[in-house]
Amino acid sequence: MALLAFLLVIGVLVTFHEFGHYVAARYCGVKVLEFSIGFGRPLLTWQRGETSWKIGWIPLGGFVRMLDSREAAVSAADLPRAFNQRPPWQKILISIAGPLANLLLAVLLFFVVMQGEQTRLLPYVGSVAPRSAAAAAGVLPGDHVRAVNDTEIADWHALRGGLSDAIALDGRMVLYIARDGVDMTLAVDLPAFGLQQLNEQSLARLGLSPLRYHLALGELAPDGAAARAGLRQGDRLLGADGQPLASWSAWVSYVQARPGQAIRLRIQRDGQLREVLLTPDSSERNGQKVGRIGAGALPDVAWQQKIEQQVTVGAGEALQQALARTASLMASSLRMIGAMFTGTVALEALSGPLTIADYAGKSADLGLVPLLEFMALISVSLGVFNLLPVPVLDGGHLLYHVAEWIRGRPLPDRVYEIGQRLGMAFIMTVMLLALFNDFGRFFAG
């Protein structure tokens, strides 16, 4: 499923990107020789008009090859249609058309998913992890988060974005909350909890969640430690080893700290008190052994209904939200890229094809809407990345054409050659780092 979802996502995004270049080239009168989705030996080829259309067997990109007299001899009749013979403004248009197509696709996808009736989560704190940064700051379950630093918060989606930006970009975090009708300001000590860099564990260490659970067992894995000990769904957890349990988060921390160690668990089932001897299984996470029992919590349905908000969005409002969401993601992507260079975002946050495939599969499992939202997110990232001023990327070509426009003549061939080498070195470094991160996540489970 993950592979099929990945191929769908990458196929659609690359097709839109390259089709943007293709349409712009045709508009400017440039002859397009080849349109390829994927690299390597073609799996499928067909001719339409003067363009050869191909699908390559390596689905990690694509290209549009245009007539260019710098690459091969061009007849006198076709010379005006060569890319390198077109004025700089047309070269600029053709270069940026691919990234713009990706951004337009993101707007269209967001527009589709934002119309009609939606369920949003209001920014109320459902639970706070023990010994987390949020707990140390004094955040309590039930708090209404109104703003993070200077960013006003309307729902949990905006809250997650505000928290990420605070960790990665601002270096500080101030939460403006309402508690029992009283406005409060809470400062979160990010350095004390190692939250000076944004990585995959940052939001978990921050400790905020919209979800709230009863201190009772939900679904149980058939072969898990909880099932083997005779525990059942609905069992209420009262205490462990003679100590009372305060929350589900506290119970999870208690179990994780005791891999392979017997726990004398006190429960309530059908109004009767029972005692069960439970020995958590041992698993490895980030190089450390942690305990697990193969059981989830029983969700607090009443709380879920309280923070859920049903809204109906018309076409006009959906378009406005789609444009705003795309613009926000563009700005966030640019800031994150800059923060990687300054070190405030960990390079481990960079993801490659394996991680994208994994998330594509998980999004597809959740349904069409999550998959379309994920596709829109990747489309924005692809568009922004290609606009970076790096040779071999569209942004690098854009710089060349702007320089040509200013100089009144093309840059020397030597400049292009050096730029291509540096650009390829940069791209290969990024790809290798992304793959390294992917394998690290894979082997870390």
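Residues numbered from 1 in each chain as written. Predicted model: local features only at pLDDT ≥ 70, side-chain atom pairs only at ≥ 80, totals over all residues. Heavy atoms only, no water.

The name that an unreviewed UniProt entry assigns to the protein is Zinc metalloprotease, with the source organism given as Vogesella indigofera. In its Cofactor (unreviewed entry) section, the UniProt entry covering the protein states "Zn(2+)". The UniProt entry for the protein carries this comment under Subcellular location (unreviewed entry): "Membrane". (UniProt positions renumbered as here; feature names shortened; annotations may be inferred.)

Draft legend 1. Looking closely at the packing of aromatic side chains. Taken as a whole and assessed by the stated rule, the structure comprises eight aromatic pairs. Here a set of aromatic residues connected by ring pairs shows up, and it is made of Phe 19, Tyr 22, Phe 35 and Trp 53. Geometry around Tyr 416 places Arg 70 over its ring, the cationic atom sitting 5.8 Å from the centre. (Phe/Tyr/Trp six-rings, centres within 6.5 Å; stacked < 30°, edge-to-face > 60°. Lys NZ or Arg CZ within 6 Å of the ring centre and 35° of its normal.)

Draft legend 2. Spatial organisation of the packing of helix α2 (residues 88–114) against helix α11 (residues 368–386). Axis separation between α2 and α11 bottoms out at 8 Å; the angle between their running directions is 160°. As far as their axial angle goes, α11 and α2 are roughly antiparallel. You can see that α2 and α11 cross each other, and the crossing is left-handed. Touching Pro 99, Asn 102, Leu 103, Leu 105, Ala 106, Leu 109, Phe 110, Val 112 and Val 113 of α2 are Val 369, Leu 372, Glu 373, Met 375, Ala 376, Leu 377, Ser 379, Val 380, Leu 382, Gly 383 and Asn 386, all from α11. Split by residue class, the contact of α2 with α11 holds 15 nonpolar, four polar and one charged. (Axes fitted to C-alpha atoms, helices over the stretch in contact; angles between N-to-C directions. Helix = DSSP H or I, 4+ residues; strand = E, 2+ residues; numbered from the N terminus. Parallel < 35°, antiparallel > 145°, perpendicular 65-115°, else oblique. Left-handed = near helix turned anticlockwise from the far one by under 90°. Contact = heavy atoms within 4.5 Å. Nonpolar A, V, L, I, M, F, W, Y, C, P; charged D, E, K, R; others polar.)

Draft legend 3. Representation of the sheet that holds strand β8 (residues 182–188). As summarised here, the arrangement of the four strands in space is β6-β5-β7-β8, forming an open sheet in which the pairing is antiparallel. Strands at the two margins of the open sheet, each flanked by one partner only, are β6 (151–152) and β8. Here strand β7 (residues 173–179) runs beside β8; their pairing, made up of seven bridges, is antiparallel. Bridge pairing in β8 places Val 174 opposite Ala 187. (Pairing = 2+ DSSP bridges.)

Draft legend 4. Inspection of the UniProt feature "transmembrane region" (unreviewed entry) in the protein at higher detail. In this numbering, the UniProt entry assigns the feature "transmembrane region" (unreviewed entry) to residues 92–113, 368–388 and 418–436. Within the segment residues 92–113, helix and strand shares are 100% and 0% respectively, and the terminal C-alpha atoms sit 32 Å apart.

Draft legend 5. Focus on the side chain of His 21. Examined against the element boundaries, His 21 turns out to sit in helix α1 (residues 2–27). Separated by 3.2 Å, the side chains of His 21 and His 17 make a polar contact. Setting aside anything within four residues of it in sequence, one finds His 21 in contact with Val 64, Ile 94, Ser 95, Ala 97, Gly 98, Pro 99 and Asp 394. (Polar contact = N/O pair within 3.5 Å; in protein donor to acceptor, adjacent residues only side chain to side chain.)

Draft legend 6. Quick peek at the pairing of strand β13 (residues 263–269). The two faces of β13 differ: Ile 263, Leu 265, Ile 267 and Arg 269 on one face are buried, but Arg 264, Arg 266 and Gln 268 on the other face are not. Relative to β13, strand β11 (residues 236–240) runs antiparallel, the two sharing four bridges. The partner of Ala 240 across the bridge, within β13, is Leu 265. Across seven bridges, the pairing between β13 and strand β14 (residues 272–278) is antiparallel. The residue of β14 that forms the bridge with Gln 268 is Leu 273. What sits between the antiparallel neighbours β13 and β14 is a turn of two residues, in which Asp 270 has the positive phi angle 55°. (Buried < 20%, exposed > 50% of the residue type's maximum accessible area, 1.4 Å probe, protein only.)

Draft legend 7. Fine view of the pattern of salt bridges. For the structure shown, the criterion picks out 13 salt bridges. Ionic pairing is found between Asp 281 and Arg 228, a salt bridge with its closest N-O pair at 2.6 Å. Of the two residues, Asp 281 sits in strand β15 (residues 281–285) while Arg 228 sits in helix α6 (residues 225–228), which places them 53 residues apart along the sequence. Given the relative accessible area of 27%, Asp 281 is considered partly exposed. Linking Asp 235 and Arg 269 is a salt bridge whose minimum nitrogen-to-oxygen distance equals 2.8 Å. Pair noted here: Asp 235 is in the loop between α6 and β11 and Arg 269 is in strand β13, with a separation of 34 residues, a long-range link. (Salt bridge = Lys/Arg side-chain N within 4 Å of Asp/Glu carboxyl O.)

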